[in-house]
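Architecture at a glance
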Amino acid sequence: MAAKKKTTKKSGKKAPQKVEKAKPRRNWVAWAYGNESEEASSGTLHKVYYGLLALSVVTLLGLALVTGINADEKFQDDYSEKLVDYYASGGGDKAALYEDDTSSQRFNKFYGGFFELVSGSVNRMLGYHPGPSYHRVRHLLNALFGVLILVIVAGWSRRMAGVRAGILAIILMLASPRLLGHSVMNPKDIPFAAGYLMGAFYLYRCLLSMPRPRWQDALGFVLGAALATATRAGGILIFCYSGLFLGIDFLLRYGVKGIAGEFKQFLTYAAYWIGSTLVGFGLALLFWPYALQAPLEHTKEALDLFSNYAVRIIILFGGENMFSDGIPSSYPLVWLGISVALSVIAGFFLSLLTFSGLVKKHGVIPVVLLLFVTIFPLAYIMFKESALYDGWRQLLFIYPTVLVLGALGFEYLAQRFTPRTKWAGPAIIGIVVLLSADALLFTARNPALAYVYFNPLAGGIKGAFGQYELDYWGLSSRQAVEWMEDEGILHPGMDTLTIGTTFPYNVRRQLDLSYKKKVKIQYIRYHRRFSESWDYGIFPSRFIRGPHLRNNTWPTSKTVHRIEANGVPLAVVEYDPDQFAMQAEALLKAGQAPQAIQRFQQEVAKYPDNEQGWNGLASAQVSIGDGDQALTSAAKALEIAPDNETALYLKGYAYLTKNNGPEALNTFNHLLQVDPENAMAYYWIGEIYKQRKELETAFNNFRKAIEYNPKLKQAYLSIATIFEEQGDMENANRYRNAAAQF
């Protein structure tokens, strides 16, 4: 039987039911974007902000006037001139497409040409040709992109967290010697970084006001993304970011059901993304002749090329010389850790530690966007194991948002402590300045070479010497040339002289037109620097092995001037009035070994720290069969330059002439540890095993020798004799025929 419902005694009505209150729906938009309004700030802070901003602009322009020419400008200058000709001829002059060029210059066409076209046009209007004035214009224009980065970094920080955050961001940028140094002489990485940052910033601004973004913000996004793409094909990333975050924004505002329920708004979002992508990409194409020929096909070709671009050069990393395509995955993290100011490192990690607080204050999307555009490219590059070289310059584009995050982290800390003490804000600024002092002083002391900065974690630049690349682009060549001018060596009334250098383009373009025709520039490989005749040598440390640098035997006694940063030598000017080593090299080539030995002995007697003099002496001694003396000379070379490849080879060969196979084998194996691709080391190891009748091991070493030097005739012949001993005449003849082609 059903239970009776309770009624009131007086009216017999039903008792009132207890109604639960519905939980309020979460405001996902407020959660995602937080409160963007600036914190209240004093007039003093505003004055400091604009004062620091002005100081930073002046600093960048000042650095542009003193910086040197970077080695890669050899490629950019060529592209710049060809781009001006292309557009001036209405596309008739197609040299900018490098259609029949097989040199490394041909890769220029895969880059957008915005900066090169602008700088080339300005120089053409001013009547400048490649030289000091031409490059001064380029560097000043380059600095303007550095200014753009500065303004956006400061503005983004201020927009999110107030004027004090903007001040902190400016301090962090001033404490970024590598960014400042590149900002005035790197025409690829800096314009790309400026466009990347601009696109990300205005994407943030657009998201705040969706579904009706301000036209100024939409225009800023399009121009930023276009600038990035008109510099490098990787600028396409900005359009991808836009699609991703617009999609997230739509879902936060309307949910998954909104795709159908708010289909009109969905189409609006799609139109914003497609429209901005088409307009931005179209603008970029206007400055990229190669992509103009076939926009989709050639853009994809450029993306594929740079995604798998295998630049293979020898670099110095962690004290070890290695090929750039064989770097460890930790390479970018190590470089960032030792060459970024402590204040920037602290600020970035503080932003990660205070992530939840930053999200509550500024919203999820603004903070996640900053982290995403910073971390995603780095993670992708590490995952792909892309070849990196020259420090972390290829990652400069992610660094500005690191500065913004650092400023937000420090500002959050200041606001947390402000209720307890009014000195929290000034104290945080003081801490940031203190952590930045080392970097600020480095730029002040070395304005022309700020990009070689290392932080205290690396022991400063002194600790990095011989461990990592310093002046890898040869900027110090400018100071070398200027010293020669100040000393009266280079002047309009001079006699003709020859300068030997490992950075010929830098030196040639630095010469003043008044005396340029009287100077011959001779490219010299550092380890063969006496194989050609020269009067003065300009040698940055770039191509000197780490063990040699760490041995404190460079600069040598031939040095007449050193270019230094904080007391550490970056480049030298050498003078060789006697030219004993050069004469000896010529005699040795002519087959006059005894006379060459006399000249080499004169060389090492006057310059006992010249490892090439000892190497030449060892080579001459080996050639006349004096293995004992050759071993002594090679040992002297190795005392000066440990792990010197030439000295190790000569030492191993000298042991062979003395029929000391075990020591020769040990020496050649040591050489392979230093240079794993030394074909001659593999060849002689093969000969040693061949004499021991260990034919399989011998064969494998001969094959390695051919792998690293396909034209090594004697390796083919040695393999042929192995097959003959085994009765395999078919393969023996095949290898003999191959040898006959060389």
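Look a little higher up for the structure.
These figures come from a predicted structure and were not determined experimentally.

Attention now moves to the nonpolar core. W156, F454, I461, M484, L490, I499 and V519 are the most contacted members of the largest nonpolar core, which has 178 residues in total. At 13 residues, helix α5 (residues 132–161) tops the list of elements feeding residues into this core. In this structure, I499 is in contact with M484, L490, V507, V519, K520, I521, Q522, W534, Y536 and I538, ignoring residues within four places of it in sequence. Core analysis: the second largest hydrophobic core is formed by 49 residues, A620, I640, A715 and I719 among them.

What follows covers the packing of aromatic side chains. Per the stated rule, a full pass over the model turns up 53 aromatic pairs. Ring geometry for F530 and W534: centres 5.9 Å apart, planes at 20°, overall stacked. You'll find F530 and W534 in the same group, each marked buried. Between Y683 and W684 the ring centres are 5.0 Å apart and the planes differ by 70°, which places this aromatic pair in the edge-to-face class. On the basis of relative accessibility, which here comes to 8%, the residue Y683 falls in the buried class. The ring of F192 is capped by R232, whose NZ or CZ atom sits 5.8 Å from the centre of that ring.

Another aspect to go through is the sheet that holds strand β5 (residues 536–540). One open sheet holds the five strands; their spatial order is β4-β3-β5-β7-β6, and the pairing between them is mixed. Edge strands, defined here as strands with exactly one partner in the open sheet, are β4 (519–523) and β6 (559–565). Averaged over all neighbouring strand pairs, the angle between strand axes comes to 20°, with direction disregarded. Judged from the five bridges that link them, β5 and strand β7 (residues 568–575) form a sheet pairing that is antiparallel. In the sheet register, P540 faces β7, and the bridge partner there is A571.

Mapped onto the elements of the fold, S276 is located in helix α12 (residues 263–285). From its side chain, S276 meets the backbone oxygen of W273 in a polar contact 3.0 Å long. Ignoring sequence-local partners within four residues, the contact set of S276 consists of F221, V222, F239, S242 and A271.

Here we take up the packing of helix α10 (residues 236–254) against helix α18 (residues 364–384). Put simply, α10 and α18 touch, their axes get as near as 12 Å, and they point 150° apart. As summarised for this structure, α10 and α18 are arranged roughly antiparallel, according to the angle between their axes. In the packing of α10 onto α18, the handedness of the crossing is right-handed. Listed contacts from α18 to L237, Y241, L244, F245, I248 and L252 of α10 are I365, V368, L369, F372, V373, F376 and P377. Here the contact of α10 with α18 is built from residues that sort into 13 nonpolar, no polar and no charged.

Next up on the list: the pattern of salt bridges. As enumerated under the stated definition, the model contains 29 salt bridges in all. As a salt-bridge pair, R253 and D249 come within 2.8 Å of each other at their nearest N and O atoms. Taken together, the positions of R253 and D249, both in helix α10 and four residues apart, correspond to about one turn of that helix. Classification of D249 by relative accessible area gives buried; the value is 0%. Put simply, K693 and E725 hold a salt bridge, and the shortest N to O gap is 3.8 Å. Highlighted residues: K693 in the loop between α31 (679–691) and α32 (695–708) and E725 in helix α33 (residues 713–725), separated in sequence by 32 residues. Among the ionic contacts, a cluster of salt bridges with common partners joins D72, D189, R232, D390, R393, E469 and R542.

This brings us to the state of the cysteines. Summed over the entire model, instances satisfying the criterion amount to zero disulfides. Cysteine C206 is unpaired, with the sulfur of C240 as its nearest cysteine sulfur at 16 Å.

Rules behind the numbers
Residues numbered from 1 in each chain as written. Predicted model: local features only at pLDDT ≥ 70, side-chain atom pairs only at ≥ 80, totals over all residues. Heavy atoms only, no water. Core = buried A, V, L, I, M, F, W, Y, C linked by side-chain atoms within 4.5 Å. Buried < 20%, exposed > 50% of the residue type's maximum accessible area, 1.4 Å probe, protein only. Helix = DSSP H or I, 4+ residues; strand = E, 2+ residues; numbered from the N terminus. Contact = heavy atoms within 4.5 Å. Phe/Tyr/Trp six-rings, centres within 6.5 Å; stacked < 30°, edge-to-face > 60°. Lys NZ or Arg CZ within 6 Å of the ring centre and 35° of its normal. Pairing = 2+ DSSP bridges. Axes fitted to C-alpha atoms, helices over the stretch in contact; angles between N-to-C directions. Polar contact = N/O pair within 3.5 Å; in protein donor to acceptor, adjacent residues only side chain to side chain. Parallel < 35°, antiparallel > 145°, perpendicular 65-115°, else oblique. Left-handed = near helix turned anticlockwise from the far one by under 90°. Nonpolar A, V, L, I, M, F, W, Y, C, P; charged D, E, K, R; others polar. Salt bridge = Lys/Arg side-chain N within 4 Å of Asp/Glu carboxyl O. Disulfide = S-S within 2.5 Å.

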